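Geometric and topological summary
In case you want the letters, here they are:
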Amino acid sequence: FMEGRPGTGKTRAGWHILKRMAHQGKSIYGLTSTQFAKFAADQWHSNNEEKGQACEAMERCRRTSILLLDDLGKQKMTERGETELYDVLEHRTTNLKPTIITTNATSIQLGAMLSEDRRQPILRRIKDFSTIIKI
């Protein structure tokens, strides 16, 4: 979990880690939090192609060896997005799969963006299963 001001290299560091892991033969997947939010919503899209791409992306978030979720907090936190974020984090932590998260927000700011019923479960999974690096 890399937290810090814009322009401090969090995104670049996350992508370099993914690149290194790919060279070691690990399956990787990286996306922005806005892409994640769009895929979360598009799982119920009326267009079957959009729906299929979204469902595949969410499944890939769960199964990939190493996931990068870039700029958490940049997306609008909808109920669907929060639910999917919780589900992905729960799946990954249960299966001991590393997740790299970058954000410009502090944990307090992230918490304020989340609904009351999902705030603590999401933040706890991030805190308990991450090394927090403040840049």
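Procedures and definitions
- Residues numbered from 1 in each chain as written.
- Predicted model: local features only at pLDDT ≥ 70, side-chain atom pairs only at ≥ 80, totals over all residues.
- Heavy atoms only, no water.
- Core = buried A, V, L, I, M, F, W, Y, C linked by side-chain atoms within 4.5 Å.
- Buried < 20%, exposed > 50% of the residue type's maximum accessible area, 1.4 Å probe, protein only.
- Helix = DSSP H or I, 4+ residues; strand = E, 2+ residues; numbered from the N terminus.
- Contact = heavy atoms within 4.5 Å.
- 1 Å grid on protein atoms, 1.4 Å probe; cavity = no way out; pocket = protein on both sides within 12 Å on 5 of 7 lines; lining within 4 Å.
- Points joined across faces, edges and corners; volume = space filled by probe spheres on them.
- Nonpolar A, V, L, I, M, F, W, Y, C, P; charged D, E, K, R; others polar.

1. Describing the nonpolar core
Grouped together as the largest cluster of nonpolar side chains are 21 residues, with contacts concentrated most on Phe36 and Leu72. At the level of elements, strand E2 (28-32), helix H3 (48-63), strand E3 (66-70), helix H4 (79-94) and helix H6 (116-128) are the ones that each hand at least two residues to this core. Non-local contacts of Phe36, meaning those with residues more than four positions away in its chain, are made with Leu31, Met58, Cys61, Leu69, Gly81, Glu84, Leu85 and Val88. Residues Leu18, Met21, Leu68 and Ile100 belong to the second largest nonpolar core, which totals 6 residues.

2. A word on empty space enclosed by the protein
Inspection of the entire model under this criterion finds 1 cavity of 30 Å³ or more. Approximately 40 Å³ is the volume attributed to the largest cavity. Taken together, Phe36, Ala37, Gln75, Lys76, Met77, Thr78, Gly81, Glu82 and Leu85 make up the lining of the largest cavity. For the lining of the largest cavity, the secondary-structure elements that each account for two or more residues are helix H2 (33-42) and H4. Looking at the lining of the largest cavity, the element that brings in the most residues is H4, giving 3 residues. Of the residues in the lining of the largest cavity, the class split is 4 nonpolar, 3 polar and 2 charged.

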